[in-house]
Structures are given as structure tokens and as C-alpha cells.
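Below, each chain spelled out in residue letters.
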Amino acid sequence: MCALRPYVGRSYQRSVMLRAIAIVCGATLSCIHHSNQAVLAATPSDDRQNELWVDASAQSGGVGSSARPLRKLPSHVPPKHTVHVRSGVYRGPIQLGAGSSLVGHGVVVINLEQPGAIVSMTNGSLKNLSVQGGDEGISAHGAIHLENIHFSGHRQMALRMEDATAEIKGIHISATIPGSSGIALTRSTIHLIDATFQGALFRAVDLRESEGTISQLKAIGCRTGISSINSNVDISSAVFEG
């Protein structure tokens, strides 16, 4: 066991074999309304990906089209659907069926005060969103694509991935609860570009039996930047401060 910690505030480029080293995500939509959220049901249609629109400022009685969007985020989305979400604050949790996507347009916040994950997904993508609260921000398996995602307020973990292959670009994780962690990967492959971790995170990145590449990473005030067990990852353009 050994420890490698870069000089505070200095950038470095390094390709490292990390082993026990601690260096600091068709059908036609029908909508069923429940008390708090809508649940989408799929009926056979064709193989084209279907779309749903959600707008917190829309009038009631929406059908999920762009012209008549729903007001509330559905709690379940069938496989192979794209959910477009306009600016607003929405209540989670939401479970994405395999191959589904969630795309934010404007400033979109999804929050969860109760325990659990805000977004659960398999083989899907998220783009242009802020997730706040929950025990976990996102729980993911399979082929996942994340872009421009902001995390805050999570009690345990911002992003947890198991048996996943993830392409992640432009994420920001803020520890508003001391002792929480950033990204945890188990038996996964990650390609992470442009990530900022800020605050008293116990670990910014936790790798276990995983591999991949990490570049343009910045960790500020984290107790541990990258922790790894039996993993192989190339790290470049990383900065660790404080």
C-alpha cells in the first residue's frame, strides 16, 4: 500500500496503474396521473424513439407533447424514450427505462428530500440537469452518457455506477453535506472529461475493479481526490487543492 498525493495547487499529467492506491445510464406514451407524479405506460407502436415534454409552468391537462407538456416529471419512463424538461424545479425520484434519455432545456433542477436515488437508469443518458438531495444523485448501470450535470445536497454519493461503461463530460459535484462522496465505480469503465469536485467530500472518485481515463479534473477541499483498488486508469491534467 502506498500513497501518492500531488503538490497542492499544481497541475500534473500522469498515466498510473492504480492498485490499492489512494491519491486522494418503441412505444407510444399513455399517461397515468397519481397524486404527485405522472407514470408513463408504453403500448406497442414502432421502433422509433418516442418523446415526452415536461414544463413546470404549463397548464394542467397536458398530454406530454411540446405544445401541451406535462407539468410534473414522470416517476417511471418506459424504455427508449426521450424526456425533454423545460426550466423549473421538479420532484424526484425518476426511473428511466433501458435506453431512455432525460434532457434539460434551460435551468432544470430535480430534487429529492426522502431517501433513495434521484435518478435510476440503465443504458441511458442525462444532459443539462441539476440533481439535488437524496441519498444518491444518480444510480446507473450499463452504457451511460452524462453531460453538463450538477450535483449537490446528496447524503451519501453523487453518482454510483456498477457494471457500467460511462462517458461523462462537464460535471460539477458540490459537497453540501460533509462526509459524502462524489463518484463511485465498481466493475466499470469510465471516460471522464472536465469534472470539478468541491467541498468536504470523503472521496471525489472511488474506483474498485474499474478502468478508463480521467482528464481535466479539479478537486478542491476534498479529503481524498482519487481512491482505487485493483483498477487501471490513465489520469491527465488533474489539479488537487486544499
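Further up the page is the structure itself.
Residues numbered from 1 in each chain as written. Predicted model: local features only at pLDDT ≥ 70, side-chain atom pairs only at ≥ 80, totals over all residues. Heavy atoms only, no water.

J.: Would you mind going over the environment of Ala-56 with me for this structure?
T.: Within the secondary structure, Ala-56 sits in the loop between strand E6 (50–54) and strand E7 (76–77). Under the relative-accessibility criterion, Ala-56 is labelled partly exposed at 29%. Taking the C-alpha atoms as reference, Ala-56 lies 7.1 Å from Val-89; in sequence the two are 33 residues apart. The contacts of Ala-56, once residues within four sequence positions are left out, are Arg-71, Ser-87, Gly-88 and Tyr-90. (Helix = DSSP H or I, 4+ residues; strand = E, 2+ residues; numbered from the N terminus. Buried < 20%, exposed > 50% of the residue type's maximum accessible area, 1.4 Å probe, protein only. Contact = heavy atoms within 4.5 Å.)

J.: Just to check I follow, could you spell out the side chain of Glu-136 for this structure?
T.: When you line up the elements, Glu-136 lands in strand E13 (residues 136–152). Other than its neighbours up to four places away in sequence, Glu-136 contacts Gly-116, Ala-117, Ile-118, Met-157, Ala-158 and Arg-160.

J.: Even after reading the chapter, I still don't get the pairing of strand E18 (residues 211–220), so can you show me in this structure?
T.: Regular strands place side chains that alternate from one sheet face to the opposite one. One ladder, built from nine bridges, connects strand E16 (residues 189–199) with E18; its direction is parallel. Paired with Ile-193 across the two strands is Ser-215, which belongs to E18. Examined bridge by bridge, E18 and strand E20 (residues 232–241) share nine bridges and lie parallel to one another. Across the sheet, residue Leu-217 finds its bridge partner in E20, namely Ala-238. (Pairing = 2+ DSSP bridges.)

J.: Explain the nonpolar core here, please?
T.: General note: in soluble globular proteins, nonpolar side chains tend to be found buried as a group. Counting residues in each nonpolar core, the largest one holds 54 residues, and the members touching the most others are Leu-102, Leu-126, Ile-138, Met-161 and Phe-197. If you tally residues by element for this core, the top one is strand E14 (residues 157–175), at nine residues. Residues contacting Met-161, with those up to four places away along its chain left out, are Ala-140, Ala-166, Ile-168, Ile-183, Ala-184, Leu-185, Thr-186, Ser-188 and Ile-190. (Core = buried A, V, L, I, M, F, W, Y, C linked by side-chain atoms within 4.5 Å.)

J.: When you look at unusual backbone geometry in this model, what are you seeing that I'm missing?
T.: Cis geometry is adopted by the peptide bond preceding Pro-93, which originates at Gly-92 and carries an omega value of 5°. Positive phi, close to 65°, is recorded for Asp-194, a residue that is not glycine. With respect to the element layout, Asp-194 can be found in strand E16.

J.: Whenever I open this one, the pattern of salt bridges confuses me. Can you help?
T.: Oppositely charged side chains may form a pair once their charged atoms are brought near each other. Applying the stated rule across the entire model yields six salt bridges. We note a salt bridge from Asp-135 to Arg-155, for which the minimum N-O separation is 3.1 Å. Remark: Arg-155 occurs in the loop between E13 and E14 and Asp-135 occurs in the loop between strand E12 (125–133) and E13; sequence separation between them is 20 residues. For Arg-187, the salt bridge is made with Asp-163, and the minimal N-O distance between the two is 2.8 Å. You can see Arg-187 sitting in the loop between strand E15 (181–186) and E16 and its partner Asp-163 sitting in strand E14, a full 24 residues away along the chain. By relative accessible area, Asp-163 is classed as partly exposed at 44%. (Salt bridge = Lys/Arg side-chain N within 4 Å of Asp/Glu carboxyl O.)

Honestly, it's all geometry; don't read function into it.
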